[in-house]
Amino acid sequence: MKNSTAKPLIVAVDDTRFVCDTLTTWLKDIYDIKTFLSGDEAISFLSENQVDLFLLDYDMPEMTGYEVLMNIRQNLNYSTKVPVIFLTAVTNDRMEQEMLERGANAYIRKPLDLNVLKRTIVKYLNEKL
C-alpha cells in the first residue's frame, strides 16, 4: 500500500524503446513511471504491484494493446477502477471507438503532444480519487 506522499505509479507499454524513453523523460518528475516493451512483461509486473494508470500502445508484435487491456480489465485488482489510456499511431476512428467501448478511458494519437498527454493523465487520476 502506498503512503499519501508517494507519486502515482504509471505503467507504459510500447514496443518502441524511443517512446518508452520519451515517456519516462516527460513524466518522471511528476510520476513514478515503469515502462515495458511487451505486454507480457507488464502483466507480470501487475501481479506484485499496484498501478494507478496505464499507457498502452495498440500495435505491438507479441500481444496487442487490446489484449493487454482485456487482461487488465479481467484482473480483479484493475477491473474498472484503474484508467487505461491508449497512445497509438493507429488512426482508425473505428478502432478508437472500439477500444473506448471495451474499457479504455482515452485514446491519444501519435505523434504525442506532451500537454495533451499530461492533461489526460491528470484528468483520469483525479477521477480515480
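Refer to the structure printed above.
The structure displayed is predicted, hence computed values, not measured ones.

K.L.:
Before we move on, can you summarise the sheet that holds strand E5 (residues 106-109) with the specific residues and values?
P.N.:
Strand order in the open sheet formed by 5 strands is E2-E1-E3-E4-E5, with parallel pairing between adjacent strands. In this open sheet, the two edge strands, each paired with only one partner strand, are strand E2 (32-36) and E5. The sheet shows a mean angle of 20° between the axes of neighbouring strands, taken without regard to direction. Looking at chain direction, strand E4 (residues 84-88) and E5 are connected through 4 bridges and run parallel. From the neighbouring strand, Ile-85 faces E5, where its bridge partner is Ala-106. Packing against the sheet, helix H1 (residues 17-27) makes contact with strand E1 (9-13), E2, strand E3 (53-56) and E4, and its axis sits at approximately 180° to E2. Packing against the sheet, helix H3 (residues 65-74) makes contact with E3 and E4, and its axis sits at approximately 175° to E4.

K.L.:
Can you tell me about the pairing of E3, naming the residues and giving the values?
P.N.:
Burial of the side chains of E3 extends over both faces: Leu-53 and Leu-55 are buried on one face and Phe-54 and Leu-56 on the other. As paired strands, E1 and E3 are joined by 4 bridges and run parallel to one another. Considered in E3, the bridge of Val-11 is made with Phe-54. Pairing analysis gives 3 bridges linking E3 to E4, with the strands arranged parallel. Looking at E4, one finds that Phe-54 is bridged to Val-84.

Procedures and definitions
- Residues numbered from 1 in each chain as written.
- Predicted model: local features only at pLDDT ≥ 70, side-chain atom pairs only at ≥ 80, totals over all residues.
- Heavy atoms only, no water.
- Pairing = 2+ DSSP bridges.
- Helix = DSSP H or I, 4+ residues; strand = E, 2+ residues; numbered from the N terminus.
- Axes fitted to C-alpha atoms, helices over the stretch in contact; angles between N-to-C directions.
- Contact = heavy atoms within 4.5 Å.
- Buried < 20%, exposed > 50% of the residue type's maximum accessible area, 1.4 Å probe, protein only.

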